[in-house]
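Here's the letter readout for the chains.
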Amino acid sequence: MKKTIILLSALALASCGQNEAPDSYMSKARESFQNVWEHYRVPEYGLFSEYYPNTFKPDLNYFDDGTHQAQESSFLWPMSGVFSSTVLMAKADPGTYRPYLDSMVVAMEEYYDTTRVPFAYQAYPTRFDRVDRYYDDNGLVGIDYIDTYAVTKNPAHLEKAKQIFTFILSGWDDRFGGGVPWVEGKRDQKPACSNGKAMVLSLKLHEATGDEYYLETGKRFYRWIRRTLLDPNTGIIMNAWLTDGEGRAQFDPYTYNTGTSIQAAAYLYKVTGEKSYLDEALKLCEDSSKYFFHYTDNGIPYTDNIPWFDVVLFRGYQAVWEITRDTKYVDIVLKALDYAWDNARDAAGLVCNDWTGRKDETKKPKWLLDSSCITEFLVRAAIIKGEIDIK
């Protein structure tokens, strides 16, 4: 395993600097990607640690059933951030990064649970424990697999995405007009994260297969989210519909929930040609940019969300840019990204959670999810700036 990692590192380093300016976004993406694989990789398992350094084991609070202490390897959500960035690197430079993508597929299967039907991915590797299976986690893995299929054309990766979508739909019920919950077996809420990821996965499955079933199902998720979770006051997508009693909205503003709806609306416009979808995407862009972004005294934009939430919003902004070629919204993110790269990195080259550098976080342990998404930001920036041409 160590020999494999050394070889992969050598391949990546050998490609650096070839036809790329040292300060290009793609050059920075290579550096960011290599930093994650060098500092977080747990070679004995072929997985990644939750934090760097791996000796840092805090209580993690992003679970339905309370806190869990960080373990030797990461939980599924941060792992999916590595998967997403690896897919993009393999799209940009398959000759160098396809071996990494193959490695990620092997690693992701460590989370695959076949003891419950339908089969799905649980929140922690099955070799260590049996834990909950989250519909939003599975949506993330499904998106990564359908994006992997676009690189590899391996039908097994397409089938994985379809199978994951089947699991997600097993959670659908007609209470409050439809939607799926957060966690398998629990019916206390229907969050934007689960439904938004399912929506994007469904539309990506349509793009890959041409099957109208996936288009119509994606539209069904899209309509439910807008009808149930679009806040009329701010214009952003709320966090969840709580299903106790007569039901009620939970506002809790997170950038990624609006990002998935922007991404879906842009795709629906491209497929159907119906201008209403583009109008809805543009309004979500405008309202989200006004609501979420604040500015430092020196004019640097930032949000109160974690970087990975913001990268999902950036996916939506990029999807709209691909249609309009208007850089208004992507430029906000790029300005923040540029500043963070130059002013908010630690000695290991990892970007801090606070991109503005107003808080000195250079000595703090770095969360895998915060670090892995930086590569995705940088590759998407390279696409927008014309450094590379991938879809």
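Keep in mind that what you see is a predicted model, and the values were worked out from it rather than measured. (Residues numbered from 1 in each chain as written. Predicted model: local features only at pLDDT ≥ 70, side-chain atom pairs only at ≥ 80, totals over all residues. Heavy atoms only, no water.)

Undergrad: An account of the packing of helix α2 (residues 25-40) against helix α4 (residues 94-108) is needed here, citing residue identities and associated values.
TA: Where α2 contacts α4, the axes come no closer than 13 Å and their chain directions differ by 40°. On the basis of their axis angle, the class for α2 and α4 is oblique. Considering how the two elements wind past one another, α2 and α4 form a crossing that is left-handed. Contacts between α2 and α4 involve R30, F33, Q34 and W37 on the former and, on the latter, Y97, Y100, S103 and M104. Class assignment of the residues belonging to the contact of α2 with α4 gives a composition of five nonpolar, two polar and one charged. (Axes fitted to C-alpha atoms, helices over the stretch in contact; angles between N-to-C directions. Helix = DSSP H or I, 4+ residues; strand = E, 2+ residues; numbered from the N terminus. Parallel < 35°, antiparallel > 145°, perpendicular 65-115°, else oblique. Left-handed = near helix turned anticlockwise from the far one by under 90°. Contact = heavy atoms within 4.5 Å. Nonpolar A, V, L, I, M, F, W, Y, C, P; charged D, E, K, R; others polar.)

Undergrad: With reference to specific residues and values, describe the pattern of salt bridges.
TA: Under the criterion given, the structure shown has 28 salt bridges. Residues D173 and R187 are paired through a salt bridge, measuring 3.3 Å at the closest nitrogen-oxygen approach. Within this pair, whereas D173 is found in the loop between α6 (155-169) and β8 (189-191), its partner R187 is found in the loop between α6 and β8, the two being separated by 14 residues in sequence. Overall, the relative accessible area of 17% leaves D173 in the buried class. The partly exposed category is assigned to R187, whose relative accessible area is 36%. Close ionic contact of D279 with K275 constitutes a salt bridge, the shortest N to O distance being 2.7 Å. On the criterion of helical spacing, the pair formed by D279 and K275 is a turn pair, its members being four residues apart in helix α10 (residues 275-292). (Salt bridge = Lys/Arg side-chain N within 4 Å of Asp/Glu carboxyl O. Buried < 20%, exposed > 50% of the residue type's maximum accessible area, 1.4 Å probe, protein only.)

Undergrad: So what about the environment of E212? Which residues, and what values?
TA: Tracing the chain through its elements places E212 in helix α8 (residues 212-229). Along the sequence, E212 and D279 sit 67 residues apart, while their C-alpha atoms lie 23 Å from each other.

Undergrad: Kindly report on helix α3 (residues 76-92), identifying the contributing residues and their values.
TA: End to end, α3 covers 24 Å across 17 residues, agreeing with the expected 24 Å (1.5 Å per residue, within 8%). Of all the 17 residues making up α3, 16 are buried; the element is thus mostly covered by neighbouring parts of the structure. (Expected span 1.5 Å × (residues − 1).)

Undergrad: Lay out the packing of aromatic side chains in plain terms, naming residues and giving numbers.
TA: Within a pair of aromatic rings, the relevant descriptors are the distance that separates the centres and the angle that separates the planes. Applying the stated criterion to the full structure yields 40 aromatic pairs. Pairing W355 with F377 gives two aromatic rings, centres 4.9 Å apart and planes at 70°, and the pair type is edge-to-face. Here the residue W355 occupies a position in the loop between α12 (328-343) and β13 (366-367), and F377 occupies one in helix α13 (residues 368-384), the gap between them amounting to 22 residues. Accessibility assignment for this pair places W355 and F377 in one class, buried. Through a chain of ring-to-ring contacts, the aromatic side chains of Y45, Y62, F63, F75, W77, Y124, F128, Y254, Y256, W308, F309 and W367 assemble into a single cluster. Sitting over the ring of W172, R220 keeps its end group 4.6 Å from the ring centre. A cation over a ring is seen here: R358 above Y302, with NZ or CZ 4.2 Å from the ring centre. (Phe/Tyr/Trp six-rings, centres within 6.5 Å; stacked < 30°, edge-to-face > 60°. Lys NZ or Arg CZ within 6 Å of the ring centre and 35° of its normal.)

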